[in-house]
Amino acid sequence: MSRVLPRSPWTWLVVAFWVVLLLFPVASSDLFFQNMIILSLVFAIGAVSLNIISGYGGYVSLGQSAFLGIGAYTVGLLSIRVDVSPFVFVPLAGVVGAAFATLLGVIAMRTRGHAFVILTIAFLLLTQLVLLNWPSFTQGSKGLSLPLALFDPSIQNWPFYYALAALLALSVLMSWRIRRTKLGMGLIAMREDEDKAATVGVSTPTYKILGFVASAVFLSMAGGVYAYYLNFIDPRGMFDIVISVQIVLSMLLGGRATLWGPVLGAFIIEPLNEFANQSLGGGNSRLLIFGGLMALVVMFMPQGIVPFAGELLEKRRRRGQDAIVGARVERPLVIREREDAPVGHEVQPGRALLDVRAIEKRFGGVRAVDGCSFVVPEGSITALIGPNGSGKTTAFNLIDGMMRPDAGEVWFDGRRVDGLRPWRRAHLGIGRTFQITRLFREMTVLENVVAPLRSFSWRQLNADAVSGPEAARAEELLEFVGMRRYRDEKARALSYGQQKLVELAQVLMLDPKLILLDEPAGGINPTAIERMGEMIRRLNRQGTTFLIVEHNMPFVLGLCDPVLVLARGTCICEGGPEVVQQDPRVLDAYLGEDFVLEEVGV
Amino acid sequence: MTEFAQAIILGLLIGGVYALMASGLSLIFGVMNVINTAHGAFLILSAFLTYSIWTATGLDPLVAILITTPAMFGFGWLLYSGSIRRIREAPAAASVLLTFSLALVLEGLMGLIWGNTSHAVRPAYFNQSFTVGDLFLPKAQVYGCLVAIAVLVALWLFLARTWTGRAIRASAVNPQGARLVGVNVAAVATMTFAIGVATTGAGGSIVGVLYPFLPGSHYLWISRLLGIIVLGGMGSLPGAVVGALLIGVGESLTSTYISPQWTTAVPYVVIFLVLLGRPQGLLGARLREDVAAV
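**Section: the overall build of chain B**
Item 1. The number of helices and strands found in chain B is 11 helices and two strands.
Item 2. Traced from its N-terminal end to its C-terminal end, chain B shows the element sequence α-α-α-α-β-β-α-α-α-α-α-α-α.
Item 3. Relative to the compact-globule value of 19 Å for 294 residues, chain B shows a C-alpha radius of gyration of 19 Å, a close match.
Item 4. For chain B, the proportion of its 294 residues judged to be buried stands at 54%.
Item 5. For chain B, the share of sequence-separated contacts (at least 6 apart) that also reach a separation of at least 24 residues comes to 78%.

**What about the interface of chain B and chain A?**
Item 1. Across the boundary between the two partners, chain B contributes 40 residues, which contact 42 residues of chain A.
Item 2. When contributions to the side of chain B that touches chain A are tallied by element, the ones reaching two or more residues are helix H4 (92–114), helix H9 (218–232) and helix H11 (265–277) of chain B.
Item 3. With 15 residues, the single largest contributor to the side of chain B that touches chain A is H4 of chain B.
Item 4. Tallied by class, residues from the side of chain B that touches chain A come to 28 nonpolar, eight polar and four charged.

**Quick look at the packing of helix H1 (residues 2–32) of chain B against H9 of chain B**
Helix-helix packing is characterised by the crossing angle of the two axes and by the distance between the axes.
Residue and element names in this part refer to chain B.
Item 1. Running from N to C, H1 and H9 point in directions that differ by 70°, and their axes come no closer than 9 Å. Relative to H9, H1 is oriented roughly perpendicular. For the pair H1 and H9, the sense of crossing is right-handed. Of H9, the residues touching H1 (which contributes Tyr18, Met21, Ala22, Leu25, Ser26 and Phe29) are Arg224, Leu225, Ile228 and Ile229.
Item 2. Tallied by class, the residues present in the contact of H1 with H9 amount to eight nonpolar, one polar and one charged.

**Details of the pairing of strand S1 (residues 129–132) of chain B**
All names here are of chain B.
Item 1. One ladder, built from four bridges, connects S1 with strand S2 (residues 135–138); its direction is antiparallel. Following the sheet pairing, Val132 is matched in S2 by Leu135.
Item 2. Between S1 and S2, which pair antiparallel one after the other, the connecting turn spans two residues, and Gly133 there sits at a positive phi close to 60°.

**Notes on the confidence of the model for chain A**
All names here are of chain A.
Item 1. Confidence in the prediction of chain A, expressed as mean pLDDT, is 87, and 92% of residues score 70 or more.
Item 2. Here residues 326–343 scores under 50 on pLDDT; set against residues more than four positions off or in separate chains, the count is 31 contacts.
Item 3. When the criterion is pLDDT under 50, residues 595–602 qualifies, and its contacts beyond four places in sequence or with other chains add up to four contacts.

**Structural notes on the environment of Ile168 of chain B**
Residues and elements named next belong to chain B.
Item 1. You can see Ile168 is positioned in helix H6 (residues 163–173).
Item 2. Residues Ile168 and Gly196, 28 residues apart in the sequence, show an inter-C-alpha distance of 11 Å.
Item 3. If near-sequence neighbours (up to four positions away) are discounted, Ile168 is found in contact with Val31, Leu159, Val188, Met191 and Thr192.

**Notes on the nonpolar core**
Item 1. Core analysis: the largest hydrophobic core is formed by 297 residues, its most contacted members being Ile45, Leu119, Leu164, Ala222 and Ala505 of chain A together with Ile271 of chain B.
Item 2. No other element matches helix H10 (residues 204–230) of chain A, which puts 16 residues into this core.
Item 3. Ignoring anything within four residues of it in the chain, the contact list for Ala505 of chain A reads Val449, Leu477, Leu478, Phe480, Val481 and Met483 of chain A.

**Structural notes on helix H10 (residues 237–257) of chain B**
Item 1. In this model H10 of chain B runs 30 Å from its N-terminal to its C-terminal C-alpha over 21 residues, within 8% of the 30 Å that 1.5 Å per residue would give.
Item 2. The element H10 of chain B is extensively covered by neighbouring structure, given that 15 of its 21 residues are classed as buried.

**Comments concerning the environment of Pro584 of chain A**
All names here are of chain A.
Item 1. Looking at the element boundaries, Pro584 is found in helix H26 (residues 584–591).
Item 2. For Pro584, a count of 11 C-beta atoms within 10 Å translates into the label exposed.
Item 3. Placed 453 residues apart in sequence, Pro584 and Leu131 show a C-alpha to C-alpha distance of 74 Å.

**Some thoughts on H6 of chain B**
All names here are of chain B.
Item 1. Among all positions of H6, only Ala167, Ile168, Ser171 and Ala172 are buried. For H6, the angular spread of buried residues about the axis comes to 140°, placing them on one side. Seen from the buried face of H6, the exposed residues on the opposite side, beyond 90 degrees, are Trp163 and Val173.
Item 2. Taken together, the buried residues of H6 touch H1, helix H5 (139–161), helix H7 (175–180) and helix H8 (185–210).

**Here's the deal with the domain arrangement of chain A**
Residues and elements named next belong to chain A.
Item 1. Under the domain assignment, chain A is made up of domain 1 (7–312) and domain 2 (352–601).
Item 2. Between the C-alpha centres of domain 1 and domain 2 there is a distance of 43 Å.
Item 3. Each partner contributes residues to the interface: domain 1 has 19 residues there, and domain 2 has 29 residues.
Item 4. At the level of secondary structure, the elements contributing two or more residues to the side of domain 1 that touches domain 2 comprise helix H8 (182–192) and helix H9 (194–199).
Item 5. Ranked by residues supplied to the side of domain 1 that touches domain 2, first place goes to H8 with eight residues.

**Thoughts on the sheet that holds strand S12 (residues 570–575) of chain A**
Residues and elements named next belong to chain A.
Item 1. Spatial ordering of the open sheet is given by S8-S9-S10-S5-S11-S12, a layout of six strands whose pairing is mixed. Single-partner strands in this sheet number two, and they are strand S8 (430–432) and S12. For this sheet, the mean angle separating the axes of adjacent strands, direction not counted, is 20°.
Item 2. The strands touched by helix H17 (residues 392–400) within the sheet are strand S5 (381–385), S8, strand S9 (514–518), strand S10 (545–549) and strand S11 (563–567), with S9 carrying the most contacts at an inclination of about 150°.

About the cut-offs
- Residues numbered from 1 in each chain as written.
- Chains lettered and ligands numbered in written order.
- Predicted model: local features only at pLDDT ≥ 70, side-chain atom pairs only at ≥ 80, totals over all residues.
- Helix = DSSP H or I, 4+ residues; strand = E, 2+ residues; numbered from the N terminus.
- Rg over C-alpha atoms; globule rule 2.2 N^0.38 Å.
- Buried ≥ 20, exposed ≤ 12 C-beta atoms within 10 Å, placed from the backbone.
- Contact = placed C-beta atoms within 7 Å.
- Nonpolar A, V, L, I, M, F, W, Y, C, P; charged D, E, K, R; others polar.
- Axes fitted to C-alpha atoms, helices over the stretch in contact; angles between N-to-C directions.
- Parallel < 35°, antiparallel > 145°, perpendicular 65-115°, else oblique.
- Left-handed = near helix turned anticlockwise from the far one by under 90°.
- Pairing = 2+ DSSP bridges.
- pLDDT = per-residue confidence, 0-100.
- Core = buried A, V, L, I, M, F, W, Y, C linked by C-beta atoms within 7 Å.
- Expected span 1.5 Å × (residues − 1).
- Arc of directions from axis to C-beta.
- Domains from an automatic or database assignment.

In structure tokens form, the structure reads like this:
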């Protein structure tokens, strides 16, 4: 997961692995093992690549062998027509694989978890079917024979061996790099909570496509090398869904979302595959072994070997140390001034930063928001109050883009935003926290805060997230909310109040002009409420506008001006705290008509 | 024109059979948010059971439904209790991987028991047809479709009229709410999975008569059924029926006017087009994602 591997034992294992891998063909001329390593390398490239979309991004694909096949067929089809070394076409195999991945990514853009798996299975079986049913181009089920490799016998299969080793090195390097960038953070954020990721500026469709392309490129190239190595390819052998399963299994067994886990898994699974084929006759026993093993891994060791071992080491390392969480929870949260102001735009107090015009949202027959209009003046701390079910949270969802209104308009900072997706609105400067905190649970506190994307650019995606200016800025924000010392803890380990603070820091990373806070004082202790209020005031003085939904009336009335009152989906009243407190419509909305009638009667 | 009408009718007849199995798949998804990718393998297992019953006793395969349906119900119950229940709290992808691994294991087991060769159940009426005007209605298809409709109606009545059926539907709409009004959601999940799998009991017996099959056929079937529920809207039972009829007709038209070897492409292409244009499917509703209740 997001664990930084302890340096010593792992580093030595990795170095030893590469030394053995690179020297093996020189030291031993055993072709059986050479073959086994070559196949393991293909699996390893597949598993490391798959890990980017599945391990980081959370989207499991059962169609990865399609990319192996696409690469193989790209090289195969070209090499029987053009008389040069098939190695020449290997980069092209990567391009073709990337093109197919992009296409599939575009189709998958709007789908979630389950549909994505279905799509990848359909893609695999459809490409196989097309190759089978198009014999004039592909020679169909007869398969393709590639030119024989005529290397000097003394170097055996070295060219294939080292080409694949190089591709594995490249895939691991890519995986390592992605894990450190904003792209990687965004992918993991998407895995943890896709809707939430969108509200912090992560344009999920783009991330999905990029993640999918990244998990296809090197695998397709490996497929090209593999085809040349085999000399013969056919659609059933190359587009075999069991190979997809073995790639997934390699990743799961070794440890998803880790750098080396998929490599380890592949070097376990492939020899097992050889064993099943050689000693057990392949076919049914191969299905039983890999089906059974995957079932066992999913049920009993879903985290995989590397994280499992990592946890053991970590436990040993931490023995005797105080856990940070728990030990210091009682300490007061300290707010410190930040060095630079969180927002750098010009504030024009009083102009309408957010202008909501007659928005409506219906759920079946329920009109949750029903022609609601209000304005949030720039530089204000505006409250949005109202009884339960009056449409406050729905209004938030319509403003930040989690939902689209059925009617009405939302204007922000002088432009209409109701048609924009959540991440576009985040880029424009709308930040939002949730009533029940929604941090990315498996990410550390620091990673949670660096995950947001302020604006979309390719350079930003490739920007270093875990060190450098982004990380420094995140630490500053954590300092501001008093959570810096928890930076390396998993978000799920924090208390509810702490999560609220981290979520605030996370939103601040967007440099928002407007922050929507959904019950910032809900469920936390009175001291923390006070500090929360103080932070809001401080940020407001530095230029951030707030719109706050809150049930804690003393908190609202002491902090906010103006106060908007929502009832039955419309804004029934607005004004200063004193005005709203006196308004009979507000009493009516909160306490019901009976109460008012009696009052009138008395 | 006759050719066209013939293709439509054959498509609808087979679509009726698809509808039964797709309903089971969609029911499981709707209630449990699990895509049972082993549904195709269960179907082939039931076809093999039918084959064995038929060869051993000569019992009509469509009567064998009375045995295969409860057998698959029990099988589903056991599988759920023994494996899938363990990962109820795991991320969604885990259930797909688990059911898919079950499918592979089943494929391997069926290969060991019955062999990896093509099998077929051929009762006497196998190659007879009714003739209506210029149209031929193969008896096997007609009987198969009628039986499928009968089982489907029984399933709908069960869901609509019995307390358990209502509990299942309630759990699909709102598990927390169902729990509040006294539904044992965990038990309902087991029941739902078993009922969903039971549809492959009847379905498999019918399929055994209509098509030759071998253990590896389950990929074809699961793709077809997935195509149906994606088209109809995942989790929607009316959607499963509509999707099944459309896919049945689509395959039949493709076979008549393009080429039989491209019929298997129909579900794949449908999956691509639906996910691109209307990811929620024809009758699937975009549910309110209750942000506060997550």
